[in-house]
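A closer look at the structure
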Amino acid sequence: MSNQELSEMLFDIADMLEIDDVQWEPRAYRKAALSIATLPVDVKQLYEKGKLTEIDGVGKSIAGSIEEYIKTGSMKKYKDLKKKYPIDFASFRKIQGMGPKRAYALYKKLKVRDLDDLRKAIEDNKVRELEGFGEKSEEQLKHNIESFSKVKEERKMLGYVIDYLESLVEKLKESGFFERVEVAGSSRRMKETVGDFDILAVSGKSEAGMDFFTKMKEVKETIVKGSTKTSVKLDIGLNCDLRVVESRSFGAAMQYFTGNKSHNVKLRKIAISKGLKLNEYGLFKGGKPIAGTTEESVYNSLGMDLMEPELREDTGEVEAAQSHSLPEIVRYDEIQGDLHSHTTNSDGTNSIEEMIEAARRMGHKYIAITEHSKSLPVAKGLDDKRFEELFKKINKLNEKSEIKVLKGVELEILKDGSLDLDGSTLGKMDIVIGALHQWTKGQDKKTLTNRVLKAIESGKITTIAHPTGRMIGKREAFDMDYQKIFESCSKNDVFLEIDGFPDRSDLPFDMVKEAKSYGVRFTLGSDSHSIGHLRFIRMATAIARRGWLEKDNVINTLSYKEILKLKR
DNA sequence: GCCGTTTTCGGCCCGACTGTTTTCAGTCG
């Protein structure tokens, strides 16, 4: 049984209860289903520890159902409902405009149970004859079936699409139809992956502005179009919402459309508890607006400090804002350089000179060149001799260059936890990044953990590269005892890396926050393999901010000289 | 069915858009 499977079952139950017009329960089941779908650990593990009800939205009853399912392989509540409604809700959920009520209407009148049945019914023009449907609904369903998997499932890594989004905003600004245009949504929170874009605008001529928007060359098709809200599908495969609000509501709208959802729900509840009403138009007292022009006015009127968008994930920031104890998170402009990059010397595609020049143009004060070591032959890893040669070259470059180059390595942590290079060469390096790339599959949790601990305790490494090894959408994180690793890093003053390469985004932000609580410090790296990758330092910084890191927690805020002084 | 700075009972976010209605239900975010 996977979390995914269980989550789908709970969503199914929610859908079926909704058909029965049951009040509130569908909401409860959906909440539980969503929590489980996004849970970082296996539900079964939680069950074994007796911690099911610690899952957000899971209480006694749903926990009982989960237990029943784990023990017997079936769930009575689900089975009974499914007998009444033998419908493939999971597939229908992926189709826009197809909710449970419509699914049931189609089943009741046309015996439509799954996608194939639905396709056929549409083919025979049967759907348009149903009450509540019409020709247009039928056509839309037909269209949405064709593109269903792409519309809802696809998420993009923000690091790859943020420049595109910003250029889109720039074009809207330059169009002359808008007085203000800003990015909102998960992109503003700098979430690692995004499912759509939200753009917010102020306009005195919104009809014309919406026309301009839907006719942009990036727009593939228009999904809905109104004077305050327009949704389109972009050529990169993401949907984009553009909302136009009044200037006096702009702050409230930015707040609302930045989210995330549970952050917003919490805010609204706080508003209600103070006898106020919060929506995207403002904060109201008995119908009279008391805040909303700026985000700050909204938060302040709710008795809270304003917080950076990256913090708004409902992981304690609401409470911290209420008690005026928000962290002063590291700023993008406090990052002085990049601490992880590769050149043609190993598996990069640009020369060291090209990388340095590109880093200088970005305003970096320094860049660490951290080639792979010899036991990673696929990446043309370097041995001691080649490192010595490279460092001679770097010393020369450093003499005349305004931007400084740190001598480093991304060093293989070998199968038994020993290191790929010996002490004498390592001693000449400014930064040593220990990394797991190989022999991880066959090793169990304890072996893998000890392997990393041995490297940390060796006294020879500065930081641990992309600590969990995860690749978004491709590879799970290593199964390790991370608490032990955090403890050991803190004790031995070994840093953890935040790798900003979008596929990695590693450490993930929630673990950054946890590691910080152990007193761990962090290095940020773009893990560049070409000059085009250098921009990913911004994504690493975003993760640091989302993980509540302050200036002192981040090594990249130090100057070149200060970094050289760090002892190892 | 869940949950707790309105707390163990009684609420549970709320507004926009669409298509089908002729005042609204369904869906979405």
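Here goes a summary of the coordinates provided. (Residues numbered from 1 in each chain as written. Chains lettered and ligands numbered in written order. Predicted model: local features only at pLDDT ≥ 70, side-chain atom pairs only at ≥ 80, totals over all residues. Heavy atoms only, no water.)

A word on the overall build of chain A. Across its full length, chain A carries 25 helices and 17 strands. Here the C-alpha radius of gyration of chain A, 27 Å, is about what a compact globule of 568 residues would show, namely 24 Å. Reported as C-alpha extents along the three principal axes, the dimensions of chain A are approximately 80 × 60 × 50 Å. In chain A, buried positions account for 52% of the 568 residues. Sequence separation of at least 24 residues holds for 68% of the intrachain contacts in chain A that already meet a minimum separation of 6. Total accessible area on chain A is roughly 26700 Å²; 49% of this is exposed by carbon and sulfur atoms. Taking the average location of the 96 positive side-chain charges in chain A and that of its 93 negative ones, the two points are 2 Å from each other. (Helix = DSSP H or I, 4+ residues; strand = E, 2+ residues; numbered from the N terminus. Rg over C-alpha atoms; globule rule 2.2 N^0.38 Å. Buried < 20%, exposed > 50% of the residue type's maximum accessible area, 1.4 Å probe, protein only. Contact = heavy atoms within 4.5 Å. Areas by Shrake-Rupley, 256 points an atom, 1.4 Å probe, with all protein chains shown as cover. Lys, Arg positive; Asp, Glu negative; His and termini not counted. Charge placed at Lys NZ, Arg CZ, Asp CG, Glu CD.)

Overall, antiparallel pairing links the three strands, which are arranged β8-β9-β10 in an open sheet. Strand pairing shows two members of the sheet lacking a second neighbour, β8 (277–279) and β10 (288–291), which therefore form its edges. For this sheet, the mean angle separating the axes of adjacent strands, direction not counted, is 35°. Pairing of β8 with strand β9 (residues 282–285) involves three bridges; the strand directions are antiparallel. Across the sheet, the residue bridging to N279 is G282, located in β9. (Pairing = 2+ DSSP bridges. Axes fitted to C-alpha atoms, helices over the stretch in contact; angles between N-to-C directions.)

So, about helix α7 (residues 100–110). For α7, the full list of buried residues reads P100, A103, L106 and Y107. Down the axis of α7, the buried set is contained in an arc of 130°. They therefore lie on one face. Facing away from the buried surface of α7 by more than 90 degrees, the exposed residues are K108 and K109. Lining the buried residues of α7 we find α1 (3–19), α2 (25–37), α5 (76–84), α6 (89–93) and α8 (115–123). Positive phi shows up at K111, right after α7, with a value of about 60°. (Arc of directions from axis to C-beta.)

The next subject is the nonpolar core. Core analysis: the biggest nonpolar cluster contains 57 residues, and L496, I498 and F522 have the highest contact counts within it. Beyond its immediate sequence surroundings of up to four residues, L496 is in contact with T463, I464, P467, F486, C489, L507, A515, V520, R521, F522 and T523. (Core = buried A, V, L, I, M, F, W, Y, C linked by side-chain atoms within 4.5 Å.)

In the region of DNA strand B, 44 residues are neighbours, and W24, R27, G59, G134 and Y281 sit closest. Taking the atoms of DNA strand B that fall within 4 Å of the protein, sugar and phosphate contribute 77% of them. Between R102 and DNA strand B, the recorded distance is 3.1 Å, taken from a backbone N or O atom to a phosphate oxygen. At a separation of 3.0 Å, a phosphate oxygen of DNA strand B approaches a polar backbone atom of K229. The set of elements that each furnish at least two residues to the surface near DNA strand B consists of α2, α4 (60–72), α7, α9 (135–146), β5 (219–225), α15 (261–273) and β8. Of the residues contributing to the surface near DNA strand B, the split by class is 14 nonpolar, 15 polar and 15 charged. (Near = heavy atom within 4 Å. Polar contact = N/O pair within 3.5 Å; in protein donor to acceptor, adjacent residues only side chain to side chain. Nonpolar A, V, L, I, M, F, W, Y, C, P; charged D, E, K, R; others polar.)

What follows concerns the packing of aromatic side chains. Under the definition given, this model contains eight aromatic pairs. Judged by centre distance (5.2 Å) and plane angle (75°), the ring pair of F501 and F536 falls under edge-to-face. Here the residue F501 occupies a position in the loop between β16 (495–499) and α23 (509–517), and F536 occupies one in the loop between β17 (522–525) and α24 (537–546), the gap between them amounting to 35 residues. Assigned by exposure class, F501 and F536 land together as buried. The ring centre of Y107 lies 5.0 Å from the NZ or CZ of K111, which sits over that ring. One cation-aromatic arrangement involves K513 over W548; the distance from NZ or CZ to the ring centre is 4.0 Å. (Phe/Tyr/Trp six-rings, centres within 6.5 Å; stacked < 30°, edge-to-face > 60°. Lys NZ or Arg CZ within 6 Å of the ring centre and 35° of its normal.)

Right, let's talk about the sheet that holds β5 for a bit. Pairing is mixed in the open sheet, where five strands are placed in the order β2-β4-β7-β6-β5. Across the chains shown, the open sheet's two edge strands, defined by having one partner strand only, are β2 (180–184) and β5. In this sheet, adjacent strand axes meet at a mean angle of 25° when their direction is disregarded. Where β5 meets strand β6 (residues 229–234), five bridges bridge the pair, whose relative direction is antiparallel. Its bridge partner being in β6, V219 is matched across the sheet by L234.

Let us look at helix α22 (residues 482–492). Because the α-helix completes a turn every 3.6 residues, residues three or four places apart line up on one side. Restricting attention to buried positions, one finds in α22 the residues Y482, I485, F486, S488 and C489. Buried residues along α22 cover an arc of 165° about the axis, so they all sit on one side. Exposed side chains of α22 directed beyond 90 degrees from the buried face belong to E487 and K491. On the buried face of α22, the contacting elements are α21 (445–457), β16 and α23. One or two positions beyond α22, positive phi appears at D493, with a value near 50°.

Right, let's get into the pairing of strand β7 (residues 239–244). Where burial is concerned, most of β7 is hidden: six out of the six residues are buried. Burial along β7 is two-sided: the face carrying N239, D241 and R243 and the face carrying C240, L242 and V244 are both buried. Judged from the six bridges that link them, strand β4 (residues 196–202) and β7 form a sheet pairing that is parallel. In the strand pairing of β7, D196 is matched with N239. As judged from the five bridges shared by β6 and β7, these two strands associate in the antiparallel manner. Looking across to β7, one finds that V232 is bridged to C240.

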